[in-house]
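Per-entry structural report
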Amino acid sequence: MMDIVDRLSPAMASSAYSIAFSATDSCINCLPLQTIIHIHARPWKKTALICRVSSSTSVLSVHSVNSYHRHHGINDSRNVLAMASSAESLVTIPSSNSTRFSNEKEDYDAIVVGAGIGGLVAATQLAIRGANVLLLEKYLIPGGSSGYYKRDGYTFDVGSSVMFGCGDKGSVNLITRALADVGRKLDLIPDPTTVHYHMPNALSVRVHRDYEAFIGELTHIFPHETQGIRSFYGECWRVFNALNSLELKSLEEPLYLFGQFFRNPIACLTLAYYLPQNAGDIARKYIKDPQLLSFIDAECFIVSTVDACRTPMINASMVICDRHYGGINYPLGGVGGIAQQLADGFIEKGGRIEYRANVKKILMKDSKAVGVKLATGQEIFAKVVVSNATRWDTFEKLLDTNQIPKEEQSFQKCYQKAPSFLSIHMGVKAEVLPPDTDCHHLVLEDDWKNLEAPYGTIFLSIPTVLDPSLAPSGRHILHIFTTAWMDDWEGLSPADYVAKKEAVADLIIQRLEKTLFPGLKDAVTFKEVGTPKTHRRFLARDEGTYGPIPSGRPKGLLGMPFNTTAVEGLYCVGDSCFPGQGVIAVAFSGVMCAHRVAADIGLERRSAILDKGLLSLLSWFRTLA
Ligand SMILES: NC(=O)c1ccc[n+]([C@@H]2O[C@H](COP(=O)([O-])OP(=O)(O)OC[C@H]3O[C@@H](n4cnc5c(N)ncnc54)[C@H](O)[C@@H]3O)[C@@H](O)[C@H]2O)c1
Ligand SMILES: CC(C)=CCC/C(C)=C/C=C/C(C)=C/C=C/C(C)=C/C=C/C=C(C)/C=C/C=C(C)/C=C/C=C(\C)CCC=C(C)C
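All figures in this text were calculated on a predicted structure; none of them were measured in a lab.

Okay, the site of ligand 1 next. Ligand 1 sits among 32 residues. The nearest are G118, E137, S145, R541 and G582. The separation between an oxygen atom of ligand 1 and a polar side-chain atom of E137 is 2.6 Å. Interatomic distance of 3.1 Å between a backbone N/O atom of K138 and a nitrogen atom of ligand 1. For ligand 1, the accessible surface in isolation is 860 Å², of which the surrounding protein chains cover 96%. Of all elements in the fold, only α5 (117-127), α19 (532-539) and α20 (583-600) reach the threshold of two or more residues within the shell around ligand 1.

Rendered as structure tokens:
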């Protein structure tokens, strides 16, 4: 065994990849033949984990080398090698620390359903407080929408490649902080331009990392609005500075919240003032030029997939300022590294992760969530359940309730599912990109009215501009996505579905060829198209939704639910919780959720009386939205 461990390349070792043997031998607990044995090397610890996986691919158990040896009376680790010597294939899969996972009932402090960034942050924050946490993920790797996949030498980010919250100062660098809490730090590549806008009427704006350079560019285009531009963006800074001066924890935990009001009343009152406001209304106080207001809409659309009048001011300020404060930074090796590092850190802090663990039901007893049931039929119990599935999936699919609780009905009235995406992951010949091409682009050629229309606005990221290691030499990655609704992709025959994917992708490529990269179509060397169905299937998100969007004009963030739910013992985390969509936003949701859960299971201070008062007050606030 140690031979295997020592022979691993440093890259494999550091990312804790596993060597999987498809062995023809039988092994642990008398499994049938053809069991796949994964040997998880942990070279930095000079140990390894052996995990048995059934032929139906669900993980059954994992043993450390020592416990495996004890179990089988093996004294010489070479016997393990001998057992696997009839290996038929050698593949690599991401590491899991799966520990004993049997049919007996196990007690955990918390079960977290889903290892998206929201679930991972909630799980890690609970683990560092000493909670015994089981994280169950349906897919093969952590990250959800912030995961990655590899094809033909390319490493593609599943979702966005624009990473906020990775800075090294202040308190809103939530990704840096979540990683640091589990002893991890990413190698980051600073992005000099957050996004290059290519908008109607040939409006071209680059959002430079340097704030004054950005404001200079915008005021150069709209000189008559110089004052308005400075006032609007200045007001965003007021909100951001207030956020950045607080310790960010659960707004549902009164001892913390009152403590923050006591320590920093101005910042808290500032945030309370902006909580029910939208960016579009504030922009209209200062700006009159319709084209500039449409540009502000596009700035907000990136954050929320809706215009500025429906984007909460706090959320808009957060991203509009963090891109200049902490800056946009790309994780070396891809966005997937964030989730992988959180998962590894979680394991090191004593947490347990199971991949391919599809939670089918949240188990209830006496109106309280007490555990989960997997697709395999296995039931696992815990003091609390935290769901990183969307609130629609959680309340309509995972819970067996006759009626959705009234609070969730109000949420569903105020918020609807955002559209999903059509995404194209492409490899292209490097020479098709002009020199100094920016990493991220937003393209809307002819009419501002199409900003929110399906396939209207094109998002384009070229992460290889920052990290060439993501593609084979002489190639770039183009990750193109545009909003699309599920309805448009249903009821098609398999052949029509494939043909439609090609046709829609071709049109989008033609548009990019015309606007940005002449000769693009002929430069394509790899192409994979995903639809809302793909997002639904791989991300387990109802209708493949990108997250919640307000049904009407919202009162800022007032109507957005936090992490507690109407069901005792059940918490939600992720983008259908306050403050909404975005990797940094769901990281905050994870921090808040873990704090509230920790208080409820006795790992943080709490006051039952104040809890009751605050939770009722917040629930009343939401009725005002
Ligand atoms: N294409 C995109 O760019 C895209 C699409 C959607 C969301 N997003 C963004 O991604 C972030 C969402 O993060 P998040 O943490 O809320 O969620 P997420 O959707 O990224 O992760 C949720 C995870 O839960 C798992 N899961 C769901 N149901 C499960 C079940 N029943 N059993 C086991 N596992 C289950 C999913 O497989 C997934 O890994 C937000 O930033 C959002 O804005 C991006
Ligand atoms: C409690 C009560 C009621 C009151 C009191 C007062 C107070 C104290 C308050 C407080 C508050 C707070 C703290 C808040 C916080 C918030 C936060 C943190 C927020 C955040 C947010 C964030 C966000 C939203 C983000 C987002 C992002 C995104 C979405 C991104 C995206 C991206 C993409 C899509 C990409 C693009 C691309 C291209 C262009 C290519």
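Anyway, onward from the coordinates.
Among soluble globular proteins, nonpolar side chains are generally buried collectively. Grouped together as the largest cluster of nonpolar side chains are 125 residues, with contacts concentrated most on I117, Y197, L218, F232, Y233, F295 and L342. Looking at which element gives the most residues to this core, the answer is α20, with 11 residues. Residue-level mapping places this core at the junction of two domains, with at least three residues from each of domain 2 (107-145 + 342-414 + 550-623) and domain 3 (419-544). The contacts of L342, once residues within four sequence positions are left out, are I117, L120, V121, T124, A178, L179 and V182. Within the second largest apolar cluster, 26 residues are counted, among which are L433, V443, I480 and I508.

Glancing now at the sheet that holds strand β11 (residues 193-199). Here 7 strands make up an open sheet; going across it, the order is β12-β11-β20-β21-β22-β19-β23 and the pairing mixed. The strands lining the two open edges of the sheet, one partner per strand, are β12 (203-208) and β23 (524-530). Pairwise comparison of adjacent strand axes, ignoring direction, gives a mean angle of 15 degrees for this sheet. On the sheet, α19 packs against β19 (420-429), β22 (475-484) and β23 and is oriented at approximately 95 degrees with respect to β19.

The subject of this paragraph is empty space enclosed by the protein. Under the counting rule described, the total for this entry stands at 2 cavities of 30 Å³ or more. Counted as a void, the largest cavity has a volume near 160 Å³. S304, P312, N315, P548 and P579 are the residues nearest the centre of the largest cavity, which is lined by 17 residues in total. Mapped onto the lining of the largest cavity, the elements with two or more residues apiece are α12 (290-304) and β24 (548-550). Among the elements that make up the lining of the largest cavity, the one with the highest residue count is β24 (3 residues). Classifying every residue of the lining of the largest cavity by side-chain character gives 11 nonpolar, 5 polar and 1 charged.

This next bit is on α12. The first and last C-alpha atoms of α12 sit 20 Å apart over 15 residues, in line with the 21 Å expected at 1.5 Å per residue. Along α12, 13 of the 15 residues are buried, which leaves the element largely enclosed by surrounding structure. The residue sitting at the N-terminus of α12 and contributing the capping side-chain oxygen is D289; that oxygen lies 2.8 Å from the backbone nitrogen of Q291. Backbone geometry just downstream of α12 places T305 in the positive-phi region, at approximately 60 degrees.

Glancing now at helix α9 (residues 254-263). Taken together, the buried positions of α9 are P254, Y256, L257, G259 and Q260. In this structure, the buried residues of α9 make contact with α10 (265-274), α20 and α21 (608-623). Taking the backbone nitrogen of L255 as reference, a side-chain oxygen 3.3 Å away marks E253 as the first, capping residue of α9.

Counting across every chain of the model gives 22 aromatic pairs. Ring centres of F301 and F459 lie 5.7 Å apart, and the angle between their planes is 25 degrees; on these two criteria the pair is classed as stacked. Taken together, the residues span a long stretch of sequence, with F301 in helix α12 and F459 in strand β21 (residues 458-461) at a distance of 158 residues. With 5.6 Å between their ring centres and 25 degrees between their planes, F411 and Y415 make a pair best called stacked.

Locating L188 in the fold gives a position in strand β10 (residues 188-190). What makes L188 partly exposed here is its relative accessible area of 31%. For the pair L188 and T311, spaced 123 residues apart in the sequence, the C-alpha separation amounts to 29 Å. Beyond its immediate stretch of four places on either side in the chain, L188 contacts C166, N329, Y330 and P331.

The next point concerns the environment of I117. In this structure, I117 sits in helix α5. Not counting the four nearest positions on each side in its chain, I117 is found in contact with G143, S146, I338, A339, L342, V583, V586 and A587.

Moving on to the pairing of strand β9 (residues 154-157). Burial along β9 is two-sided: the face carrying Y154 and F156 and the face carrying T155 and D157 are both buried. Where strand β8 (residues 148-151) meets β9, 4 bridges bridge the pair, whose relative direction is antiparallel. Residue pairing for β9: Y149 is matched across the bridge by F156. Between β8 and the antiparallel strand that follows it, β9, lie 2 residues; D152 among them carries a positive phi value of about 45 degrees.

All right, on to the site of ligand 2 then. Around ligand 2 there are 34 residues in total, and S160, L243, V303, L460 and Q581 lie nearest to it. Burial of ligand 2 by the protein amounts to 97% of the accessible area it has alone, namely 1,000 Å². At the level of secondary structure, the elements contributing two or more residues to the shell around ligand 2 comprise α9, α10, α12, α13 (313-327), β20 (440-443), β21, α20 and α21. Sorting elements by how many residues they give to the shell around ligand 2 places α13 first, with 4 residues. Residue composition of the shell around ligand 2, grouped by class: 27 nonpolar, 7 polar and no charged. Built from parts of two domains, the shell around ligand 2 gets at least three residues from each of domain 2 (107-145 + 342-414 + 550-623) and domain 3 (419-544).

Below, the discussion takes up the pairing of β19. Put simply, side chains in a regular strand alternate between the two faces of the sheet. Extensive coverage of β19 is indicated by the burial of 9 of its 10 residues. Note that β19 and β23 share 6 bridges and pair antiparallel. Across the sheet, the residue bridging to V428 is V524, located in β23.

For the rest of this paragraph, the subject is the UniProt feature "domain: Amine oxidase" (unreviewed entry) in the protein. When the UniProt feature table is mapped to this numbering, "domain: Amine oxidase" (unreviewed entry) covers residues 117-597. For residues 117-597, helix accounts for 39% and strand for 21%, while the C-alpha atoms at its two ends are 17 Å apart.

Quick look at the layout of surface pockets now. When its volume is computed, the second largest pocket comes out at roughly 900 Å³. T564, T565, A566, L615 and R622 are, among the 36 residues lining the second largest pocket, the residues nearest its centre. Counting only elements with at least two residues in the lining of the second largest pocket, the list comes to β17 (379-387), α16 (406-414), β25 (570-572), α20 and α21. It is α21 that contributes the most residues to the lining of the second largest pocket, 9 residues altogether. Of the residues in the lining of the second largest pocket, the class split is 13 nonpolar, 8 polar and 15 charged.

Rules used in this analysis
- Residues numbered from 1 in each chain as written.
- Chains lettered and ligands numbered in written order.
- Predicted model: local features only at pLDDT ≥ 70, side-chain atom pairs only at ≥ 80, totals over all residues.
- Heavy atoms only, no water.
- Near = heavy atom within 4 Å.
- Polar contact = N/O pair within 3.5 Å; in protein donor to acceptor, adjacent residues only side chain to side chain.
- Areas by Shrake-Rupley, 256 points an atom, 1.4 Å probe, with all protein chains shown as cover.
- Helix = DSSP H or I, 4+ residues; strand = E, 2+ residues; numbered from the N terminus.
- Core = buried A, V, L, I, M, F, W, Y, C linked by side-chain atoms within 4.5 Å.
- Buried < 20%, exposed > 50% of the residue type's maximum accessible area, 1.4 Å probe, protein only.
- Domains from an automatic or database assignment.
- Contact = heavy atoms within 4.5 Å.
- Pairing = 2+ DSSP bridges.
- Axes fitted to C-alpha atoms, helices over the stretch in contact; angles between N-to-C directions.
- 1 Å grid on protein atoms, 1.4 Å probe; cavity = no way out; pocket = protein on both sides within 12 Å on 5 of 7 lines; lining within 4 Å.
- Points joined across faces, edges and corners; volume = space filled by probe spheres on them.
- Nonpolar A, V, L, I, M, F, W, Y, C, P; charged D, E, K, R; others polar.
- Expected span 1.5 Å × (residues − 1).
- Phe/Tyr/Trp six-rings, centres within 6.5 Å; stacked < 30°, edge-to-face > 60°.
- UniProt positions renumbered as here; feature names shortened; annotations may be inferred.

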